[in-house]
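Topology and contacts: notes
Spelled out, the chains give:
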Amino acid sequence: MKKGNISIFVPHNGCPQQCSFCNQKTITGQGAQPTAQEVKNAVETALRRKDYEYEIAFFGGSFTAIDRAYMLTLLDAAQPYLSDNRVKGIRISTRPDCIDDEVLTLLKAKGVTAIELGAQSMDDEVLAANFRGHTAQDVVSASKLIKQYGFSLGLQMMTGLYLDTDEKAMKTAGQIIELAPDTVRIYPTVVLKGTYLEQLYDEKLYKPPTVDDAAALCTRLVPLFEKAQIKILRLGLHASKEIEKNAVAGAYHPAFGEIVQSRFLLNKVLQHSPGAYQIYVNPKTVSKLKGNQKRNVYFLMEEGYHIQYTVSDKVAEDKLKIVRR
């Protein structure tokens, strides 16, 4: 069976910080807090599909920082579906400084199976400059505690924040890998209206990453996590009309993950010196190889590559057979 999340967004309620990049209503597409009944409605709707194995996922805010009674109301609404095994667990996201023994004991009792932490960076200068309100050591301590309690650990990192650099991002990735999470999400920075980053951008004090900048960095980051056998759940923000309407600058693209994959394929070709080549490619990989609006095709032509493309089922997906002509 396919695996899926029943995503229930719990917006900014409870978060003790207003981070430089945060406009939570834009990210989640909503401002109202979900009720217990809305949790049940979302689960019942999802369960109409019989070919999925579901987890309930409380995302969008700092789940363990919201009012405790309200948090319990949401968790209690999920209990009937856990008890009869219609859903396999609960996934939450929260802040590193909102984790302790008391809340982990409670979450364990309520059937939570996975906890994702918004680490964002492991550089204290970057964290402070972006008003995160926690340190890299908080990430380390919270991660170790979560694993001690037997939860699946996920860590989220951002690239391109104010005062961040590619070198700092690489170091952050290395420190995250040392914590041995089960999963990771990589979010290149998108500057949204109404945020501190927009102010810095308008004042020309901050230069956000472009899509190409972020994709190039991700082609360096992704192999690190793959080598460490850490599953990458997401590259880039989920596409939404709210983000498209409110994005001022930065690395937003509705198909960012595919752009990164396209960049990997381009790099494979660039390992060969300019010249004439026959490239054999799986039909499912052709569009990624050629790139968004054929950007890879035009780039290779400008760099002196003369490519003929042959589509073949004999080549594995996301692999290339490159033969000099």
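Residues numbered from 1 in each chain as written. Predicted model: local features only at pLDDT ≥ 70, side-chain atom pairs only at ≥ 80, totals over all residues. Heavy atoms only, no water.

Observations regarding the sheet that holds strand E11 (residues 306-311)
Put simply, the test is: Paired strands, in this sense, are two strands between which DSSP finds at least two bridges. Labels follow the DSSP assignment, with helices taken as runs of H or I lasting at least four residues and strands as runs of E lasting at least two, numbered in each case from the N terminus. In this description, a line fitted to the C-alpha atoms serves as the axis of each element, helices being fitted only across the stretch in contact, and the angle between N-to-C directions of two axes falls anywhere from 0 to 180 degrees. In this description, contact between two residues means that some pair of their heavy atoms is separated by no more than 4.5 Å.
Across the sheet, three strands lie side by side as E11-E10-E12; this open sheet has mixed pairing. Here the strands that pair on one side only, and so sit at the sheet edges, are E11 and strand E12 (320-324). The mean inter-strand angle of the sheet, taken between neighbouring strand axes irrespective of direction, is 25°. The pairing of strand E10 (residues 276-281) with E12 spans five bridges and is classified as antiparallel. When the sheet's bridge partners are listed, Ile279 is paired in E12 with Ile322. Sitting on the sheet, helix H11 (residues 256-270) touches E10 and E12, and the angle it makes with E12 is about 25°.

Digging into helix H4 (residues 101-109)
Stated formally: The rule is simple: take the accessible area with a 1.4 Å probe, protein chains only, and divide by the maximum for that residue type; under 20% is buried, over 50% is exposed, in between is partly exposed. As used here, the arc is the angular range of directions from the helix axis to the C-beta atoms. Under the rule applied, a polar contact is a pair of N or O atoms within 3.5 Å (in protein, one hydrogen donor and one hydrogen acceptor; residues adjacent in sequence only if both atoms are side-chain atoms).
Every buried residue of H4 is listed here: Val103, Leu104, Leu106 and Leu107. In a view along the axis of H4, the buried residues occupy a sector of 160°, so they form one face of it. On its buried side, H4 packs onto helix H3 (68-83), strand E3 (87-94), strand E4 (112-120) and helix H6 (136-148). N-capping of H4 is provided by Asp100, with a side-chain oxygen placed 3.2 Å from the backbone N of Glu102. Immediately beyond the C-terminal end of H4, within one or two residues, lies Gly111, with a positive phi of roughly 85°.

Here's the deal with the packing of aromatic side chains
What counts here: Only Phe, Tyr and Trp rings take part, Trp by its six-membered ring, and two of them pair if their centres are within 6.5 Å. Stacked means planes under 30 degrees apart, edge-to-face means over 60, and tilted covers everything else. Any Lys NZ or Arg CZ found within 6 Å of a ring centre and within 35 degrees of that ring's normal is scored as a charge over the ring.
Here the structure, examined in full by the defined rule, presents five aromatic pairs. Taking 6.2 Å as the distance between ring centres and 90° as the angle between the ring planes, the aromatic pair formed by Tyr162 and Tyr206 counts as edge-to-face. Placement of the pair is Tyr162 in the loop between strand E5 (152-159) and helix H7 (166-178) and Tyr206 in the loop between helix H8 (196-202) and helix H9 (211-227), with a sequence separation of 44 residues. Directly above the ring of Phe151 sits Lys108, whose terminal nitrogen or CZ lies 4.7 Å from the centroid. Over the aromatic face of Tyr280 sits the side chain of Lys321, whose NZ or CZ is 5.4 Å from the ring centroid.

Side note on the environment of Val315
Relative to the helices and strands, Val315 is located in the loop between E11 and E12. In this structure, the C-alpha to C-alpha distance between Val315 and Leu107, residues 208 residues apart in sequence, is 46 Å. When sequence neighbours within four positions are dropped, the list of residues in contact with Val315 reads Tyr280, Val281, Asn282, Leu320 and Lys321.

Purely spatial values, then, with no claim about function.
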